[in-house]
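Close look at the chain arrangement
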Amino acid sequence: MPAIDVPAYIIAAVIGIILSFWGVQFSRFIASIVFGSFLAYLTFVEVYHTFHSYALAIIFLFIAFGIGFALGFLFFRASLSILFGYLLARIIVDLFVVGKGIALVVLLIILTAIFAVLVYMLSKYILALVFASSGALLLFTSLVKLGLEYSVAGVIALIVFVAGLYNQVKNVI
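Described below are features of the structure shown in this document. (Residues numbered from 1 in each chain as written. Predicted model: local features only at pLDDT ≥ 70, side-chain atom pairs only at ≥ 80, totals over all residues. Heavy atoms only, no water.)

1. So, the packing of helix α4 (residues 102–145) against helix α5 (residues 150–169)
Running from amino to carboxyl end, α4 crosses α5 at an angle of 155°, the nearest separation of the two axes being 8 Å. If you check the angle between α4 and α5, you find them roughly antiparallel. When the axes of α4 and α5 are compared, the crossing they make is right-handed. Together, Lys124, Tyr125, Ala128, Leu129, Phe131, Ala132, Ser133, Ala136, Leu139, Phe140, Leu143 and Val144 of α4 and Tyr150, Ala153, Gly154, Ile156, Ala157, Val160, Phe161, Gly164, Leu165, Gln168 and Val169 of α5 make up the contact between the two elements. Tallied by class, the residues present in the contact of α4 with α5 amount to 18 nonpolar, 4 polar and 1 charged. (Axes fitted to C-alpha atoms, helices over the stretch in contact; angles between N-to-C directions. Helix = DSSP H or I, 4+ residues; strand = E, 2+ residues; numbered from the N terminus. Parallel < 35°, antiparallel > 145°, perpendicular 65-115°, else oblique. Left-handed = near helix turned anticlockwise from the far one by under 90°. Contact = heavy atoms within 4.5 Å. Nonpolar A, V, L, I, M, F, W, Y, C, P; charged D, E, K, R; others polar.)

Okay, structure coming up:
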């Protein structure tokens, strides 16, 4: 039987508890980085295609990242909604729409707006559910690896899941 890395599983269990109770709060910082990167990428591509200059594209990339980071932090749910709305719209357009041109861009913008609104309305609940469940699963796995019975680890993880979910959505309800 291989040796168990006890400190690693203890750390993983603590991280699981933190994710279950406060994952949404930490996701604000992560969303800021992602939204800044998303805006920087789009800006780089458009500036390069417009001016054919890497220097200008890089300058605008850094400006766009700063703006996107600030907007992602200040308007956390809106930035996540726009990101996921764009991703969903892009997937649908790429799968079902053939062609190019302004009509495709307009369709992409309309679908992005529709999906962004839907994601925005459900984001508090979805994020809380994702973080509480992933944290509880990480806790459960760690406890089992540390030698706890499945049933005991399951009960502890379920309690942490319910308490963490409640903690993250209590201001919503």
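2. Structural notes on the pattern of salt bridges
This model, assessed by the stated rule, comprises 1 salt bridge. Across the pair arginine 90 and aspartate 94 runs a salt bridge whose closest N-O atoms are separated by 3.8 Å. Separated by 4 residues within a single helix, arginine 90 and aspartate 94 lie in helix α3 (residues 76–96), roughly one turn from each other. Given the relative accessible area of 31%, arginine 90 is considered partly exposed. (Salt bridge = Lys/Arg side-chain N within 4 Å of Asp/Glu carboxyl O. Buried < 20%, exposed > 50% of the residue type's maximum accessible area, 1.4 Å probe, protein only.)

3. Quick word on the packing of aromatic side chains
Using the criterion set out here, one finds 9 aromatic pairs in the structure. Ring centres of phenylalanine 35 and phenylalanine 38 lie 6.1 Å apart, and the angle between their planes is 35°; on these two criteria the pair is classed as tilted. Here phenylalanine 38 and phenylalanine 35 lie together in helix α1 (residues 6–51), a separation of 3 residues that amounts to about one turn. On the basis of relative accessible area, phenylalanine 38 is assigned to the buried category, the value being 17%. Taking the centre distance of 4.5 Å and the plane angle of 25° together, the rings of tyrosine 48 and tyrosine 54 count as stacked. Members of the aromatic cluster, connected to one another through ring pairs, are Phe29, Phe65 and Phe69. The ring of tyrosine 120 carries the charged tip of arginine 77 above its face, separated from the ring centre by 4.1 Å. (Phe/Tyr/Trp six-rings, centres within 6.5 Å; stacked < 30°, edge-to-face > 60°. Lys NZ or Arg CZ within 6 Å of the ring centre and 35° of its normal.)

Keep in mind that these numbers describe shape and distance, not what the molecule does.
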